[in-house]
Every structure is written in C-alpha cells, then in structure tokens.
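Read off the chains here:
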Amino acid sequence: MHKSHVKEPRVHLVKRDALAWWKAWIIRILAVVAALVVCGVITLLVTGKNPISVYTTMIDGCFGTSRRAWNLVQNLAVLLCISLAVTPAFKMKFWNIGAEGQVLMGCLATAACMILFGNRLSNGMLFILMIASSIIVAAVWALIPAIFRAKWNTNETLFTLMMNYIAIQIVSYFTYIWSVPKGSGQIGLINSGTQAGWMPSVGGYDYLINIIIVAVLTIVIQIYLRNTKHGYEISVVGESQNTARYIGISVPKVIIRTMLLSGALCGIAGLIIVSGTDHTLTKTIVGGRGFTAIMVSWMAKFNPVSMILTSFIIVFLQKGASEISTIYGLNSSFSDILTGIIIFFIIGCEFFINYSIRINKKGEDE
Amino acid sequence: MLIAFLQRAVMQGIPLLYGSTGEIITERSGNLNLGIPGIMYVGGICGVIGAFFYESSVSIVRPLPAILIPLACSLLGSLIMGLIYCFLTVTLRANQNVTGLALTTFGTGIGNFFGGSLIKIAKSDMPSITMTATSNYFRASLPFADKLGWFGKLFLSYSFLAYAAIIIAVVVSYIFKRTWTGLHLRAVGENPATADAAGINVNRYKYRATCIGSMIAGLGGLYYVMDYANGVWSNDGFGDRGWLAIALVIFALWRPNASIFGSIVFGGLFIAYNYVANIGMSTQELFKMAPYVVTVLVLIFVSVRNKKDSLGPAALGQSYFREER
C-alpha cells in the first residue's frame, strides 16, 4: 500500500448552507458582546475605571436627558440617510466609497442656494431650489465615476475615493469665497437673522422634519430594493454580471441609474446636514460619515431596516465615548478606537455564519 | 528658489513614497488595503510613544537607542495593524474595502487618542508634543552636504530615512521583476487560483506581503513625525497623506521605481501653492486638489487605453477562497 506523505490539515472549513436566521443572529450578538468585553478591558487599561460604570456613563451620555436622546436620534437620522444612499450601489457590488464627497457636494449646493438666494426668493421657492440643486449636484458627482466604470471599466473604488478629496478642496475654496468676515475661511451660521432656508421645526421639535424624511426614505429604499424590477436588476448585476447580460439586463444602464440614485440620496443627506441641522458649511462638515456609512450598510447586509440598528450602534458608541471623554478627561478620538474594534468583530463574525469549522480526526480514512 | 522648492517637494514626497511602496506590495498580492492612512498614523504614534518613554526615562539621550527604539515601536505597531487586516480578510474572508476603512478609523483614532494622552502626561501647554532630542538624531544628515552648494542641498541634505525610502523602493522593484518571490507574488495578485494550482501558498504570500507592506507604510508616518515635522506630534497633523499615498500607487501604475519619481511630483503638487505668486487663500485651496485630479486623469487614461500591465493586479480587491473556484 502506498502511504501518503501529504500532511493532513488539522481543521478544515465547510461552507454552510443557509444558517437559520436566529442562529445567525446569536452569532452576531455574541460578536457584539465579545467586542464590548474587549472594549471594556481596553477602557479599563486606559482609564483605570470599572468598565460597568464606564458603560453606564455611555448610556447616560446617550439617553440621560431627553435632549441627549433627541440629539442621538437626529444624528442617527443623518448617518442612516447616508447609509441608505450607498446601499443600492453596494448591492450591485459597485464600491462607491465616494459618499463623503457626494454628500459634501450636496451640502455645497444647499449652502450656495441659501447664501446666494437666501434673501431674494420666497422661502418656498428657495426650498424647491435647494432640494433640486443639492440632488442634481450630488448625483452628477456620483455620475462621473459611474460613466467611466460603465464605459471603460475604470476602477470605481479608487476613482470615487479621489473624488472625495476634490470635493473637499472645492468646498474649501468656497468657504474662503463666502467667508464672514472676508478671508477668515469660515462661513458661520448662514442667514442667522432671517433663518431663510432653514428647515422649520415641526410641532416645536427641531430636526423632526429630518427624521421624518429619513424614515420615509428607509421604507422607500426597502421597497425599491426588494419589490421592484430595478431592485431585482441591481441584485442580479451584483451577483454576476454575466448572468445579467445573459438575461438581457443592460449592465452599464443599471450601473449609471443606480449611481444616480445613490448620488441623489447623498444630496438629500447634504440638504439635511446643511439646511436641517448645522446651517453652515465647512470642509469637514460630513466628518467621515460618508465612510462610516459604508460600514453601517455592510454590517446590516444591505438591508435598510437592519441599518437602523447598525447605525444606532455606531452613533451610540460615538455619543457615549464622547461622554466618557468629557467626564474622564480623555481625548474624543477614543470613540474611533471603540468603533473600530466593534466593526472588526462584526465583520469577522460573518465568517462563522458562512462557514463551519470541522476538526479532522486522526487516522480517519475517507 | 527652484532648488529650495525641489528639496521641499522631496521631503513632502518621502512619506508618500513609503506609503505607496507599502501599498504596492500589498496590492500586488491582491489585497486592496484602504487601511494605509490608519496604519501610517499608527506607525507615527508608536514611534512617538517609544521616543517619549525613552526620552523621559533617561537623562542623556544617546543616538543609537534614540533611533532604534522608535523605529522598532513603529514597525511593531504597523505590523499589528497589518496582521489585523490579514486575519480579517484572508483568514476570515471579510470584505477588503470595509475592513480597510474600519482599520483607518481605528488607526486614526489610536493616533489621535494616544497623541492626546501623551500631551496630557507631558503637561504640555500646546496641543502638540515635541521630541526634539530624538528628532535631531533622526534628522541628522551628511555633515559635508552644506559645503557642496546646490548639489549638496538637492541630493545630500536629507536624513537616513529618506534615503532608506528610495532604497526600499528600488529593492522592491528589483524583487518584483527579477526574483521568484516577486513572480510568485504577482501571480497571486493576478490570478490566485492559478497560483494555487502551481503550488504557491496563496495565503502565506498574502499575509507576508500585506504585513511587510504595512510596516513599510508605517515608516512613512515615522518619517513624517520625526523628520518632516521636527518631532512634533499634533493631532490630525498627518492629514490626508495616507490617501494621497494610495493615489500615488495608481499614478505610479503599481511600480515602486516609478513611485520614487511620482512621490516628488506629488510632493511638488502638494506644496505648489506656496510658490505661485500673487494668489489668494481661496485659489490656494484649488491648487491643493491637483494631486487628486492628476490621479483621476491617470486612472481614466490607463483604463481607456486598456493596456493589461498598467491596470493593476487583476484580482485586486477580491478575497480568494479555494473552495469557490
């Protein structure tokens, strides 16, 4: 008998068939718990405080007062909006990491309307102009890489990444042009006297209108992706471009259409940020949320309703960690470390949902 | 004037050269590591932490440990970042883009957090921390460079890390072109299934290339803090250079020797606004987008021309699962 000298590996991986959804969620919850334990240990090492009290501080920082809770919901709405925007493109496996720049261009368009036409048009006209221009400008910003991808297969990840920094410099240029006082490089509150172009508060609640817009968008995108022909075409292109071509879907058309949609939604996010929340324009106004949104969308497996949960986790961490840093005198970047760790665990745990690990018994023949 | 401009351009270019050489090695193995900006932050801050504890634990700062300790800390820090990326994308088969972006968030957070903490420990009044003694050793250049006029200034006035960057780029370029290791690595990036069939251990190559790439990129952060910024760590001071390094990879068409030249071009574009006469603050901002616009143009140009060897590794950004061939 010929004896094989090839070393048999101790473990091997088996791709699972679909895992029951509740088992998948148990794995995800375990991953989050593990991540929280690791974060707790790191917090303990850095602050020397009891992790339980640190987490209590975080919860207090997020929900301690009704103002804080409202602030959390409002932040969640903005992040969720950007996450919704990137989702259709991702489902198509179009790696648009340019949401940061697209949102920023939406912010720029909104701010431009508010500054240039703020006191010349009626508020109704101004809003129509703001909505139209923010959507169009952001959609065009997304369209540029989409066209090159569709026509010449230009690498969209790197293209959209570069478009972010071009957008940042364009905004930076305009912050000097419109700065108050001249040359300071800062715009400050736009139309602070007349509040022209500021989203009105509904029923005495500031930001309520933002939240309503995003809630509606969540439902619309959920239906669009799951129950429409467009949504179906997006998932076919995402699964296999060859299959898509075979069943007669025009891949370039789907790519361009979907990126226009992604860009338009980014424009709405920009509108919400400038008109609905900050009422100003700086080059850091998006604050990395264009990148965070990518992770939110991925962790939710591109499901708009699950994104409410994943964006909540991120916003909770950021608000909570900023509370910790205020109380214990730490640097606010602490939240970035915690966010990073949690995301590592969540994206890592998908492996255990998709694969099972079998240990090979010694001396076992086939 | 021109000499001074070129000299500044080279100094601006060196961190980008480290970053892009590291990223080229990584991308050649098929891993698109968008965590490079975070890794460069970690490389910088780990060097600063090493230097800080060495400077504060001894009374006389000696040259050899003053260089070796930050260097070792920096390499170790960026190695750990590279291992996190590999473990998630290669072993756990996670999505490369998402992992990379998370790594950048994490790394930038670590840089700014520990930078801020050191500032607090040092009870500094300024929002920055200064390692003058260590930095002086890092910045030491050839003593006779000043005496050689423009030639000395242009070619000999830099510190050892700057020359190391160029040497590393040349060596990596040689390895890619002339050795089996380089050939195998490129095979893994072009078509991992074929490489696997030829008996190449795909995962081992991906791990090694990504970790070595991370360590080289981390040195860019160290160079920036210790040399370019004179040992001053200020939060967010490193800025967007990490992304610029990724842009440089495209500009250099995935060739390390081309990125030596490219880094000087990018460095020059980065500071060009200082040398253009009579422009306002606002126009300066438009000048600063030049490196990114140039990168986009290169990206468009190579894809329209569609010549195979300038498009980058074919399997870039895709995880490899042997079972899913």
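Since the model is a prediction, treat every value here as computed from it, not as a measurement. (Residues numbered from 1 in each chain as written. Chains lettered and ligands numbered in written order. Predicted model: local features only at pLDDT ≥ 70, side-chain atom pairs only at ≥ 80, totals over all residues.)

## Some remarks on the overall build of chain A
Here is the rule: In this description a helix means any DSSP run of H or I spanning at least four residues, a strand means any run of E spanning at least two, and both kinds are numbered starting from the N terminus. Buried residues are those with 20 or more other C-beta atoms within 10 Å of their own C-beta, exposed residues have 12 or fewer, and partly exposed residues lie in between; C-beta atoms are placed from the backbone. Note on contacts: each residue gets a C-beta atom placed from the backbone, and two residues are in contact if those atoms are within 7 Å.
Scanning chain A from terminus to terminus reveals 13 helices and two strands. Structurally, chain A occupies a C-alpha span of about 95 × 60 × 40 Å along its principal axes. Buried positions account for 46% of the 366 residues belonging to chain A. Excluding contacts between residues fewer than 6 apart, the proportion of contacts in chain A whose partners are at least 24 apart in sequence is 77%.

## Thoughts on the overall build of chain B
Spelled out, the test is: Throughout, the radius of gyration refers to the C-alpha atoms, and the reference size of a globule is 2.2 Å times the residue count to the power 0.38.
Across its full length, chain B carries 14 helices and two strands. Against the compact-globule benchmark of 20 Å for 325 residues, chain B has a radius of gyration of 20 Å, which places it among compact chains. Overall size of chain B, expressed as C-alpha extent along the three principal axes, is 60 × 45 × 40 Å. Every one of the 325 residues in chain B was classed for burial, and the buried ones make up 51%.

## Considering the confidence of the model for chain A
Heads up, the condition is: Looking at any residue, its pLDDT shows the predictor's confidence there, from 0 to 100.
Per-residue pLDDT for chain A averages 85, and the proportion of residues at 70 or more is 96%. Mean pLDDT values over the elements of chain A span from 74, in strand β1 (residues 11-15) of chain A, up to 92, in helix α4 (residues 99-117) of chain A.

## A closer look at the interface of chain A and chain B
Just so we agree on the cut-off: Only Asp, Glu, Lys and Arg are considered charged in this grouping, and only Ala, Val, Leu, Ile, Met, Phe, Trp, Tyr, Cys and Pro are considered nonpolar; every other residue, Gly among them, is considered polar.
Opposite the 39 residues of chain A that make contact, chain B presents 41 residues. Elements supplying a minimum of two residues to the side of chain A that touches chain B: α5 (123-152), α6 (156-177), α11 (289-299) and α13 (334-354) of chain A. It is α6 of chain A that provides the largest number of residues to the side of chain A that touches chain B, a total of twelve residues. Within the side of chain A that touches chain B, the residues separate by chemical class into 23 nonpolar, 13 polar and three charged.

## Some details on the packing of helix α1 (residues 2-28) of chain B against helix α10 (residues 202-228) of chain B
Residues and elements named next belong to chain B. Inclusion rule: Lines fitted to C-alpha atoms define the axes, with helix axes restricted to the stretch in contact, and inter-axis angles between N-to-C directions lie between 0 and 180 degrees. Roughly parallel here means an angle under 35 degrees, roughly antiparallel means over 145, roughly perpendicular means 65 to 115, and every remaining angle is called oblique.
Between α1 and α10, whose axes approach to 7 Å, the crossing angle comes to 170°. Taken together, α1 and α10 sit at an angle that is classed as roughly antiparallel. Of α10, the residues touching α1 (which contributes Met11, Ile14, Pro15, Tyr18, Gly19, Thr21, Gly22, Glu23, Ile25, Thr26 and Arg28) are Ala209, Thr210, Ile212, Gly213, Ser214, Ile216, Ala217, Leu219, Gly220, Tyr223, Tyr224 and Tyr228.

## Focus on the pairing of β1 of chain A
Residues and elements named next belong to chain A. Selection criterion: DSSP-based pairing: two strands are paired if at least 2 bridges between them are found.
Burial of β1 is sparse: only zero of the five residues sit out of reach of the surface. Bridge analysis of β1 against strand β2 (residues 355-359) gives five bridges, and the strand direction is antiparallel. Following the sheet pairing, His12 is matched in β2 by Arg358.

## Some points on the nonpolar core
Rules: Only buried Ala, Val, Leu, Ile, Met, Phe, Trp, Tyr and Cys residues enter a nonpolar core, and they are joined through C-beta atoms within 7 Å.
Counting 203 residues, the largest nonpolar core has Cys81, Ile82 and Ala269 of chain A as its most contacted members. Ranked by the residues each element gives to this core, the list is headed by α10 of chain B, at 14 residues. Excluding its chain neighbours within four sequence positions, the residues that come into contact with Ile82 of chain A are Ala99, Val103, Cys266, Ala269, Arg289, Gly290 and Ala293 of chain A.

## Quick look at helix α10 (residues 251-278) of chain A
All names here are of chain A. Put simply, the rule is: Multiplying 1.5 Å by the residue count of a helix minus one yields the expected span of that helix.
The first and last C-alpha atoms of α10 sit 39 Å apart over 28 residues, in line with the 40 Å expected at 1.5 Å per residue. In terms of residue burial, α10 counts as a mostly covered element, since 20 of its 28 residues are buried. Count one or two residues on from α10 and you reach His279, which has phi positive near 55°.

## A closer look at the environment of Thr194 of chain B
All names here are of chain B. Its place among the elements puts Thr194 in helix α9 (residues 192-197). Thr194 sits in the partly exposed class, given 13 other C-beta atoms within 10 Å. For the pair formed by Thr194 and Leu286, sequence separation is 92 residues and the distance between their alpha carbons is 46 Å.

## Topic: the packing of α4 of chain A against α11 of chain A
Residues and elements named next belong to chain A. Our working rule: Rotating anticlockwise by less than a right angle from the far helix to the near helix defines a left-handed crossing, while the corresponding clockwise rotation defines a right-handed one.
Relative orientation of the contacting elements α4 and α11 amounts to 130°, with a least axis distance of 7 Å. One element, α4, and the other, α11, form an angle in the oblique class. Regarding α4 and α11, the two cross each other, and that crossing is right-handed. Packed against α4, whose contacting residues are Ala99, Glu100 and Val103, the element α11 presents Gly290, Phe291, Ala293 and Ile294 at the interface. For the contact of α4 with α11, the residue count by class is five nonpolar, one polar and one charged.

## A look at the confidence of the model for chain B
Taken over all residues, the pLDDT of chain B has a mean of 85, while the share at 70 or more is 96%. In the model output, the complex is listed with pTM 0.88 alongside ipTM 0.86.

## So, unusual backbone geometry
Of note, the phi angle at His279 of chain A is positive, near 55°, even though the residue is not glycine. Relative to the helices and strands, His279 of chain A resides in the loop between α10 and α11. Even without being a glycine, Asn230 of chain B presents a positive backbone phi close to 55°. In this fold, Asn230 of chain B is placed in the loop between α10 and β2 (232-234). The partly exposed category is assigned to Asn230 of chain B, around which 14 C-beta atoms lie within 10 Å.

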